[in-house]
Amino acid sequence: SIDFKTHSNCYSNMFDAIDDMVTQLTFGLNSQINPKHIVDDFGNQRPGYSMHFKKHWETTKMNGLIIHHILRTPNLGQKYISRVHQGKIEWNKKVIEQYIKLYDIFINHLCFMIHFVSGMPARSSELTSYRRKNGLSSTRSVHIAFENVLLLSEYTKTNHFTGVARNIVRFLDAKSTSVFLI
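What you see is a predicted model, and the numbers here were worked out from it, not measured in a lab. (Residues numbered from 1 in each chain as written. Predicted model: local features only at pLDDT ≥ 70, side-chain atom pairs only at ≥ 80, totals over all residues. Heavy atoms only, no water.)

This paragraph deals with helix α5 (residues 93-117). Taking 1.5 Å per residue, 25 residues should reach 36 Å; α5 reaches 36 Å between its end C-alpha atoms and fits that length. Among the residues of α5, Val95, Leu102, Phe106, Leu110, Met113, Ile114 and Val117 are the ones counted as buried. Measuring from the backbone nitrogen of lysine 94 back to the side-chain oxygen at the start of α5 gives 3.3 Å, which picks out asparagine 92 as the cap. With its phi angle positive at about 105 degrees, glycine 119 sits one or two positions after the end of α5. (Helix = DSSP H or I, 4+ residues; strand = E, 2+ residues; numbered from the N terminus. Expected span 1.5 Å × (residues − 1). Buried < 20%, exposed > 50% of the residue type's maximum accessible area, 1.4 Å probe, protein only. Polar contact = N/O pair within 3.5 Å; in protein donor to acceptor, adjacent residues only side chain to side chain.)

Next comes the structure, spelled out in structure tokens:
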């Protein structure tokens, strides 16, 4: 059996590993996003809609933050950029592949974190169905509510019997929300 201390240590170790990966992926930049600065219109079903910053400049600032940091930091530029030719950047493929591998590990840890902090473990079909933006025929499942991430998915296994899909609602805690929004 797992006691509270073991559970607490697992939680702490998981966040230490995630924090370390965030630092590596963001090159130590302050990439924390305050959920108070995000607007979320639950009723907007327009394709492509997603939650957004209250102020447009914040969205613009966050979108290119890491790339601009690489371009402005000589040692990162030397590591990540093979050459600039006719105004176009040629990225160092091997280094970018390593970055993507670390990002994939981060996403796996993020999925585990969702399992760990949001109630009963999610089915893999639930984890893979989370969408940040509305699609043409489906609405998104990642929202901000009460300053925390709300994950809203559907359970459709019994849909053919009941005619109704059941909603699965998960809230992430404040710490998980800050990691999720990076």
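Turning our attention to the sheet that holds strand β6 (residues 148-155). Read from one edge of the open sheet, three strands run β5-β6-β7, paired in antiparallel fashion. Where the open sheet ends on each side, the last strands, each with one partner, are β5 (142-145) and β7 (166-171). Going from strand to strand, the sheet's axes swing by 35 degrees on average, the running direction of each strand aside. Summarising the sheet, β5 and β6 pair through four bridges and their orientation is antiparallel. Across the sheet, the residue bridging to histidine 143 is leucine 150, located in β6. (Pairing = 2+ DSSP bridges. Axes fitted to C-alpha atoms, helices over the stretch in contact; angles between N-to-C directions.)

For the coordinates displayed, the defined rule picks out three salt bridges. Of the charged contacts, one joins aspartate 40 and arginine 140 as a salt bridge, the two residues approaching to 2.2 Å between their closest N and O atoms. With aspartate 40 in the loop between β1 (38-39) and β2 (52-53) and arginine 140 in the loop between α6 (124-127) and β5, this pair connects stretches of sequence that are 100 residues apart. For the pair aspartate 40 and arginine 140, a shared accessibility class is recorded, and that class is buried. Ionic pairing is found between arginine 83 and glutamate 90, a salt bridge with its closest N-O pair at 3.1 Å. (Salt bridge = Lys/Arg side-chain N within 4 Å of Asp/Glu carboxyl O.)

Read these as geometric descriptors, not functional statements.
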